[in-house]
Amino acid sequence: MQQFDEPATRPDGLQLDENRSYQETLWTVERWAWLVFIAITFAAALGATGAGGPFSHRLAVLEGGQVDHPRIARWEASEEMAVHFAAGSGPRTLMLSPAFAQSFQIEDVQPEPDRVEATPDGQVMHFDTAGGPVQVIIHLRPQSPSLATYRVNLNGGAAQSLSTLILP
Amino acid sequence: MDSVLRGAAIYVILLVILRLSGRRTTAQMTPFDFVLLLIVAETTQQALLGDDFSITNATILIITLFTIDIVLSYVKQWLPRAALWIDGTPTVLICNGKPDPRALARARISIEDVLATAREQQGLERLDQIKFAILEAGSGISVVPKG
C-alpha cells in the first residue's frame, strides 16, 4: 500500500502545511512584479513593443529622401514603411536589399511602382513621377521573430543599413 | 514545431503572470474579473493560433497543452519544491478566531470577503464564530467554524 506524507498538525490543531516564509517571499516578489507590469504597460504605450507609439518607428535620413521604418515590429502583425522622396525631377527608385524580403512580406505599395527590377543588390522599385516631393507607403508583414537588418537606397544614392527588431 | 512552441510559450507566460498577479485575482472574482478572464482567454486564443485555423494546428495545440499539464503534475509529485513554486502554499488568515492582519493585507483579502465565504460555506453570522479561515493554494477561502 502506498505511503502518504501527511502534513504535520500545528500547535493550534490545524493539519496544514503552511510555508509562511515562502509566502512572504512570494508576496514581495509579486509586488516587484506588479511594478514590472506597470513598466511594461507604459513602455508598450510608448511603442517599445511595436505597433505604434513614438519608439516603434524611426526616421532615417538618406541621400535623396527619408525613410520612416519600423524600429520595433511584431511577428505577423501589419506594419508600414513610408518613403519620402525629396523634391526633384525625373524617375525615383527605391532599392531594398534581399535581407528585407527574407524578413518582410510586402503586402502592397502605394502608389504602385511602374516597374520592379531584380538586381544583385536587391529589388529596385521604379516610380515615374512628376517633380516635387513624393511619398510611397509600403505595407509589410514581418515573417519571423529576429533582428532584421537590411539596406535601402533612394535614387541610386548611398545605401543605408536599417534594422527592425521583430518581436515574437 | 511552431504550434508546440506557441503552446509551450503561452502556457509558461500565463502560469508566470497568474502566479505573480496574486491569488486574490482568482479567489474573489468580481463580475469585472470574470470579464477580464474572458478577454485574457480571447487574447490567448489569437496568440496560440496565429493565422493557422486548421484542425491539425488546433489538435497539436490541445495535445501540447495537456502534455505540459501532465508533465508538470509529475514534476510537482517528484519535486515538492516545484509544487510550492507552481501551486503556492495555503495561508492561514484567521487562526483560533484571531485574524492575521498582515496575511489579510498582503493577500488583499478583506474581513468582508472572509465573512461572505463563512456565510456561503457554513451559514455563519459573525466573525467570532470562525475558528480558522485559510486562503487555499487553489485560490479559494475555506472556513472552519468554532465547535
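The next point concerns the overall build of chain B. In terms of regular secondary structure, chain B is built from 7 helices and 4 strands. In sequence order, chain B lays out its α and β elements as α-α-α-α-α-β-β-α-α-β-β. By the compact-globule yardstick of 15 Å for 147 residues, chain B is too spread out, its C-alpha radius of gyration being 19 Å. Overall size of chain B, expressed as C-alpha extent along the three principal axes, is 55 × 35 × 25 Å. Of all 147 residues assigned to chain B, the portion counted as buried reaches 16%. Across chain B, the fraction of contacts at a sequence separation of at least 24, relative to all contacts at a separation of at least 6, is 59%.

Before going further, it helps to examine the overall build of chain A. Of regular secondary structure, chain A possesses 2 helices and 11 strands. Along chain A, helices (α) and strands (β) appear in the sequence α-β-β-β-β-β-α-β-β-β-β-β-β when read from the amino end. The C-alpha atoms of chain A give a radius of gyration of 27 Å, which is well past the 15 Å a tight globule of 168 residues would have. Projected onto the principal axes, the alpha-carbon positions of chain A cover approximately 90 × 40 × 25 Å. When burial is assessed residue by residue, chain A has 22% of its 168 residues classed as buried. A separation threshold of at least 6 residues defines the contact pool for chain A, and within that pool the share at least 24 residues apart is 58%.

Residues and elements named next belong to chain B. Helix α4 (residues 55–78) packs onto helix α1 (residues 2–20) with a crossing angle of 45° between their chain directions and a minimal axis gap of 9 Å. Viewed along their axes, α1 and α4 adopt a mutual orientation that is oblique. Crossing geometry of α1 relative to α4 is assigned as right-handed. In this structure, α1 uses Ser3, Val4, Gly7, Ala8 and Tyr11 to contact α4, whose residues at the interface are Asn57, Ile60, Leu61, Thr64, Leu65 and Ile68. Here the contact of α1 with α4 is composed, by residue class, of 7 nonpolar, 4 polar and no charged.

A separate point is the domain arrangement of chain A. By the assigned domains, chain A splits into domain 1 (17–46) and domain 2 (57–167). Computed from C-alpha coordinates alone, the two centres of domain 1 of chain A and domain 2 of chain A are separated by 42 Å.

Across the boundary between the two partners, chain A contributes 12 residues, which contact 15 residues of chain B. In terms of residue class, the side of chain A that touches chain B is made up of 6 nonpolar, 2 polar and 4 charged.

All names here are of chain A. Pairing between strand β4 (residues 79–85) and strand β9 (residues 134–142): 7 bridges, direction antiparallel. By the bridge assignment for β9, Glu80 is matched with His139. Here strand β6 (residues 104–110) runs beside β9; their pairing, made up of 6 bridges, is antiparallel. Considered in β9, the bridge of Gln110 is made with Ile137.

Let us now look at the nonpolar core. Core analysis: the biggest nonpolar cluster contains 21 residues, and Val67, Met81, Val83, Leu94, Leu96, Tyr150 and Val152 of chain A have the highest contact counts within it. If you list the elements that add at least two residues to this core, you get β4, β5 (92–96), β9, β10 (146–154) and β11 (160–167) of chain A. Sorting elements by how many residues they give to this core places β10 of chain A first, with 4 residues. If sequence neighbours within four positions are ignored, Tyr150 of chain A has contacts with Leu96, Ser97, Ala99, Phe100, Ser103 and Leu162 of chain A. Core analysis: the next-biggest nonpolar cluster, separate from the first, contains 13 residues, Leu93, Ile94, Ile109 and Ala118 of chain B among them.

The next subject is helix α3 (residues 31–49) of chain B. All names here are of chain B. With 19 residues, α3 should cover 27 Å at 1.5 Å per step; its first-to-last C-alpha distance of 28 Å lies within 8% of that length. Taking burial as the measure, the 19 residues of α3 include 1 buried ones, a minor fraction of the element. Gly50 sits one or two positions beyond α3 and adopts a positive phi of about 60°.

Our focus in this paragraph is helix α7 (residues 111–122) of chain B. All names here are of chain B. The end-to-end C-alpha separation of α7 is 16 Å, in line with the 16 Å expected for 12 residues at 1.5 Å each. Residues Val114, Thr117 and Ala118 constitute the buried set of α7. Down the axis of α7, the sector holding all buried residues measures 105°, keeping them to one side. Seen from the open side of α7, the exposed residues pointing more than 90 degrees away from its buried face are Glu112, Arg119 and Glu120. In the stretch just after α7, Gly123 is the one whose phi turns positive, near 70°.

The rules we used
Residues numbered from 1 in each chain as written. Chains lettered and ligands numbered in written order. Predicted model: local features only at pLDDT ≥ 70, side-chain atom pairs only at ≥ 80, totals over all residues. Helix = DSSP H or I, 4+ residues; strand = E, 2+ residues; numbered from the N terminus. Rg over C-alpha atoms; globule rule 2.2 N^0.38 Å. Buried ≥ 20, exposed ≤ 12 C-beta atoms within 10 Å, placed from the backbone. Contact = placed C-beta atoms within 7 Å. Axes fitted to C-alpha atoms, helices over the stretch in contact; angles between N-to-C directions. Parallel < 35°, antiparallel > 145°, perpendicular 65-115°, else oblique. Left-handed = near helix turned anticlockwise from the far one by under 90°. Nonpolar A, V, L, I, M, F, W, Y, C, P; charged D, E, K, R; others polar. Domains from an automatic or database assignment. Pairing = 2+ DSSP bridges. Core = buried A, V, L, I, M, F, W, Y, C linked by C-beta atoms within 7 Å. Expected span 1.5 Å × (residues − 1). Arc of directions from axis to C-beta.

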